[in-house]
Amino acid sequence: MFFIMFVVFFFSFFLGFFMYLFSFFLSYKYYSFSKLDSYECGFDSFVFFNFFFSITFFMIIIIFIVFELEIIFFIILVRGDFFCLFSFFIIFLYVLLSFYMEWWFNKLVWKV
């Protein structure tokens, strides 16, 4: 039984892989230099790719993502038993302490 599943898996994998290679090598390719140009909303872009990226903006986005995930954990943990409620308060304490730590180290201040 295991051998049959093994053979079916590898046969389907290699069949899909060879179909992909076959279509890649036999497809019609039209090389155009206009596809390599940057084109945004009908206007040529005059900005280079090495633009300034704010680390503070990146940190605030990461903080937002972490807090959004913790809110989802809160919703799941509140709808449970006593152990889930206890876990909710521990995680909530962790969130409050981490938010206080970010405030203490001035990570929430937007410096221009």
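Placed above this text is the structure.
### Some points on the environment of Val66
- In this structure, Val66 sits in helix H2 (residues 55-78).
- Each C-alpha atom, one on Val66 and one on Val95, is 9.5 Å from the other, the two residues being 29 residues apart in sequence.

### So, the packing of aromatic side chains
- Taken as a whole and judged by the stated rule, the model has twelve aromatic pairs.
- When the ring of Phe13 is compared with that of Phe14, the centres are 5.4 Å apart and the planes differ by 70 degrees; the resulting orientation is edge-to-face.
- In this structure Phe13 comes out as partly exposed when scored by relative accessible area, which is 47%.

### What to know about the nonpolar core
- Residues Ile63, Phe67, Phe74, Leu77, Phe88 and Val95 constitute the largest nonpolar core, which totals six residues.
- Elements supplying a minimum of two residues to this core: H2 and helix H3 (82-104).
- Element by element, the count of residues in this core is highest for H2, at four residues.
- Apart from residues lying up to four places away in sequence, Leu77 is in contact with Cys84, Leu85, Ser87, Phe88 and Ile91.

### Focus on H3
- For H3, which comprises 23 residues, the first-to-last C-alpha distance of 33 Å matches the rise-based estimate of 33 Å (1.5 Å per residue) to within 8%.
- Of all the positions in H3, only Ser87, Phe88, Val95, Ser98 and Glu102 are classed as buried.
- Looking at the residues trailing H3, positive phi occurs at Asn106, about 55 degrees.

### Topic: the packing of H2 against H3
- Direction vectors running N to C along H2 and H3 enclose 160 degrees, while the axes themselves pass 9 Å from each other. Taken together, the axis directions place H2 and H3 in an arrangement best described as roughly antiparallel. The hand of the H2/H3 crossing is left-handed. Between H2 and H3, the contacting residues are Ile63, Phe67, Glu70, Phe74, Leu77 and Val78 on the first element and Cys84, Leu85, Ser87, Phe88, Ile91, Phe92, Tyr94, Val95, Ser98, Phe99 and Glu102 on the second.
- By residue class, the composition of the contact of H2 with H3 is 13 nonpolar, two polar and two charged.

Parameters and conventions
Residues numbered from 1 in each chain as written. Predicted model: local features only at pLDDT ≥ 70, side-chain atom pairs only at ≥ 80, totals over all residues. Heavy atoms only, no water. Helix = DSSP H or I, 4+ residues; strand = E, 2+ residues; numbered from the N terminus. Phe/Tyr/Trp six-rings, centres within 6.5 Å; stacked < 30°, edge-to-face > 60°. Buried < 20%, exposed > 50% of the residue type's maximum accessible area, 1.4 Å probe, protein only. Core = buried A, V, L, I, M, F, W, Y, C linked by side-chain atoms within 4.5 Å. Contact = heavy atoms within 4.5 Å. Expected span 1.5 Å × (residues − 1). Axes fitted to C-alpha atoms, helices over the stretch in contact; angles between N-to-C directions. Parallel < 35°, antiparallel > 145°, perpendicular 65-115°, else oblique. Left-handed = near helix turned anticlockwise from the far one by under 90°. Nonpolar A, V, L, I, M, F, W, Y, C, P; charged D, E, K, R; others polar.

From the geometry alone we can't say anything about function, so treat these as descriptive.
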